[in-house]
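Per-entry structural report
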Amino acid sequence: MTQRRRSLLFLGLVIGLLAASVVAIALKPTVLGLDLKGGSRLLYQAVPSAEVPNPGPADIDRTISVIDRRVNAFGVAEPEIQREGTDQISIALAGVTDPQQLEDLVKPAQMNFFDYELSVVNTLTGVDASDRYAVFVAASKLAPLDIQGKKPTYYLFGPAPGRALLVGPSQSKADLTDAFRRLPVIKDQPKPKLADTETIALPAGYLPVTRNPINSADYDASFPTSYLIFRDTPTVPGSDFVGAQPVVQSGQTDVQLDFTDAGDKKFEKLTSTLWSRGNLRGEEQHFAAVLDGDLISEPRIDFRDNQLEGGISGGGVIQGNFSLDTAQKLSKQLSAGAIPVTLQKLSGETVSASLGKAALRKALIAGFIGLAAVMIFMVLYYRVLGLIADLALVTYGVLFYAVIELVPITMTLPGIAGMVLTIGVAADANVVIFERIREESRLGRAPRTAVLNGFKKGLSAIIDANVVTLITAAIIFILATSGPKGFAFTLFVGVLLSLFTAVLATRAVFETMADTKLFQNDAVMGLNQREIKWKFDFVGKWRLWLAISFVPLLAGTILMSTKGIERGIDFTGGSVIETTYGGKALPSEQKVRDVVAGAGITNPKIVQTTNADTKESGFTIQTKSLEAGESTRLQRSLESELGATIAQNKDVGPTFGTQIVRRALFAILLSFAVIILYLTLRFEMKLALPALASVIHDVWLALSIYSLTGREVTSATVAALLTILGYSLYDVVIVFDRIRENAPNMRNFSYREIVNRSVHETLTRSIITSILTLAPVAILYFTGGAALGDFSFALLVGILSGGISSILISAPLAALWKERDPQGQKLAAKARRRVVRESAVDSDILDVAALARAEAALAMEPTDLAADETIGLDVAPQPSPERPGPPEVALNPPSDPDGEARLDAPPERERRHRQVQRKRKK
């Protein structure tokens, strides 16, 4: 089978894949993430407890199973529940924008039943039940109860006035202090000093219970939250509870409880005792239904009802004036089972559907504009070659979208950013090949030979550069949280598909067209377009480059050590609620502040803002980290009293930022190690370390610019900085690959001359690919909306600095380092000998004295490199040509009739010297 026929068959395969992709796109819907369609996401971490001191993967899997049953019972569409790392669980629910509803799904659901009158501590009757601090102070004076397995618990309250609960419960004072130190610092809200706080120990055997109107249907919402202390001796423990279901009796909705046989007997005995005691005292008695420390109901036992004399058997009923929805929710929650581990919320985020649609529209528009800009440039600069590249880009886009549909990949805003970035990566592969094809064509190759040689020589550089990007994407995916994971996954898939389209598909098109008349028309193809000659000594100016690089790094270091970096809520912790008013008149800031204060939230930061995606005005409210009940109460107050619409709500716990930093540092160190290993295997250690220096320069420069501009660093920014690690090496690998190619053919040149030549030969490609990658990312920054602003800004800084550092930092450092090893010194000596020889024969009239000096200099120089020596660049030894003097390579070697370069052609100066000698003999 001929090569042309194989190419035609491959093109047929590509066309078939395109047709199948179009069908898949038409039939399957795109799975949108919560940031694009609205919904809520929570991230929890399993923490040690008395029941599960060391939660492991099996415990996490059981927890996920319980949460999944609860979500299915609630009928939430398209839930995403998955493990993150070894001890974290991410829960994402589309369409759920009530944080209370979402957090209800992950409550441990341990329902215990108490004899209310005997359990509640009556000695606290004179204490203000709405003042939690006062209740705990009074309870701390109680005598401990001798209950097996019960130990004191410790709570930390803030300074007066207010005495807010900061941390607790903890099993020891040391744990309490450690948890306090990990509390975040909220902007404009100074963290209290430990000396101003107060530790209160709740004696063994006592349980704090919250009577919250939001969590209970028994109480009017206007009643204040109150705090009670129970003796921790449930009459019917949660282990004896089986399930629950709503029932309607006499027009009233209640919750029917089901117990085990042992639990049924305990409940019957409890209710019988309550009836007898009520009959004796002549007053109603109650049992308390306590769900995870919240008093959700206090059903009464009517002593006047003689049918209750023997107690209630066959299950019990919680009477709480429930609505049908509330009764169903409680029943489903209880029936789904208890969560086996203790979960601590790390972060939570809620996005309205309207905000998600606006963000999606802006991101897609930015992506299409970026793609169009790249395609237009390719056609203008590469003519028909660019048109073929554009067809490859369209093919890439269709295949990519089909993969997203078929896997399916949940499309998020960071995922769209990953797609936009891969547009530049896909175009860059074509640029590398096209520049190689033009080089071959300028050497006199036939079109077919130029195409084959161009693909062959460009493939190594493309693979090396993309492998580094793939490694970085894999590390981000493994270590990052859900948002950056989407970016990393789409980047990984996009790079693989870009290799398929830019290398395989494009080559098949070229091989099919190589013998056509179109390929012979240079005006159309532009294969012999004049080469841009760069004549700048990049290595010789290394001191200037280092000085220029050192100035912003030094300024950034000073700024970060004095001003610091503006950390977003992901690092500081706290809650942020963004409200809009749908074009209605905005309330005054004071009214908003009054509503927030009325919801029991102190020291808020309130700023009037305009949403960059929807262009609607409103207020952004930042507070300390709110509990679910507090957040729900505040949101409902804003909606009912001010007519606000909650556009976005985000809550981050105190340990989330610490985890992001820890994971980022680990990812950076792991990336450094993998990159050094890969570059050492592909090149050598003395090239890997200069490359690493340029990466450190790029990341540090990005952080310096963030500090200078005062932009907030978020978890998405961290993912972008990690991407810089991979992408800043993209240009470095291209340059180093050319150094590796040129080294064996320039054995009479010093290493700095080899590096300079390699930089000059790849400089055009570096400029073009930087433009092609910067263009879509810049468009994403300016038109992609607020959600992608910080992310694309970091990518812009990284791409720009990466393109510059590969030429001005890593290449000169590699030359300087290599010149100082024995092989580099031998190359330098041979280069000096070449210069001496050239100076002696540089004129048409032979200078005998100069030639004598040249011969003397040659005799004193070190011997040539042995025929089997290389310069440590993982290349095969090149045989020396059989001719007088050291081997030399012409800068533009002529071609043999078969199209191959004649690397052994004598230099022009030597030819002139021989001509002069022949004339003298005559």
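Here's what I pulled together on the structure shown here. (Residues numbered from 1 in each chain as written. Predicted model: local features only at pLDDT ≥ 70, side-chain atom pairs only at ≥ 80, totals over all residues. Heavy atoms only, no water.)

This part takes up the nonpolar core. Across soluble globular proteins, you tend to see nonpolar side chains buried next to one another. Counting 126 residues, the largest nonpolar core has Phe434, Ile437, Phe510, Leu679 and Phe736 as its most contacted members. When neighbours within four sequence positions are excluded, phenylalanine 510 is seen to be in contact with Leu385, Ile388, Phe434, Ile437, Val451, Phe455 and Phe519. Residues Met111, Phe113, Ala289 and Leu308 belong to the second largest nonpolar core, which totals 21 residues. (Core = buried A, V, L, I, M, F, W, Y, C linked by side-chain atoms within 4.5 Å. Buried < 20%, exposed > 50% of the residue type's maximum accessible area, 1.4 Å probe, protein only. Contact = heavy atoms within 4.5 Å.)

Note that glutamate 440 resides in helix α12 (residues 413-442). Within the local environment of glutamate 440, its side chain forms a polar contact with the side chain of asparagine 453, the two groups lying 3.1 Å apart. Beyond its immediate stretch of four places on either side in the chain, glutamate 440 contacts Arg445, Ala450, Asn453, Gly454 and Lys457. (Helix = DSSP H or I, 4+ residues; strand = E, 2+ residues; numbered from the N terminus. Polar contact = N/O pair within 3.5 Å; in protein donor to acceptor, adjacent residues only side chain to side chain.)

Moving on to the packing of aromatic side chains. This model, assessed by the stated rule, comprises 20 aromatic pairs. Pairing tyrosine 133 with phenylalanine 157 gives two aromatic rings, centres 5.6 Å apart and planes at 70 degrees, and the pair type is edge-to-face. Residue tyrosine 133 is located in helix α6 (residues 132-140), and its partner phenylalanine 157 is located in strand β5 (residues 153-157); the two are separated by 24 residues in the primary sequence. Residue tyrosine 133 shares its accessibility class with phenylalanine 157, and that shared class is buried. Among the aromatic residues, those joined into a ring-pair cluster are Phe377, Tyr381, Tyr382, Phe434, Phe455 and Phe510. (Phe/Tyr/Trp six-rings, centres within 6.5 Å; stacked < 30°, edge-to-face > 60°.)

The next thing to look at is the sheet that holds β5. Sheet architecture is open: three strands sit in the order β6-β5-β7, paired in antiparallel fashion. Single-partner strands in this sheet number two, and they are β6 (165-170) and β7 (198-202). Each neighbouring strand pair of the sheet contributes to a mean axis angle of 20 degrees, computed without reference to strand direction. Where β5 and β6 come together, three bridges link them in antiparallel fashion. (Pairing = 2+ DSSP bridges. Axes fitted to C-alpha atoms, helices over the stretch in contact; angles between N-to-C directions.)

This brings us to the packing of helix α17 (residues 542-562) against helix α25 (residues 789-819). Two measures define how a pair of helices packs: the angle their axes make with one another and the distance between the axes. Between α17 and α25, the least distance of the axes is 10 Å, while the angle of their chain directions is 135 degrees. Accordingly, the angle class assigned to the pair α17 and α25 is oblique. Every pair of crossing elements has a handedness; the one defined by α17 and α25 is left-handed. Between α17, through Trp542, Trp545 and Ser549, and α25, the contact on the second element is made entirely by Leu808, Ile809, Pro812 and Leu816. Of the residues belonging to the contact of α17 with α25, the class tally is six nonpolar, one polar and no charged. (Parallel < 35°, antiparallel > 145°, perpendicular 65-115°, else oblique. Left-handed = near helix turned anticlockwise from the far one by under 90°. Nonpolar A, V, L, I, M, F, W, Y, C, P; charged D, E, K, R; others polar.)

These values are about where atoms sit, not about what they do.
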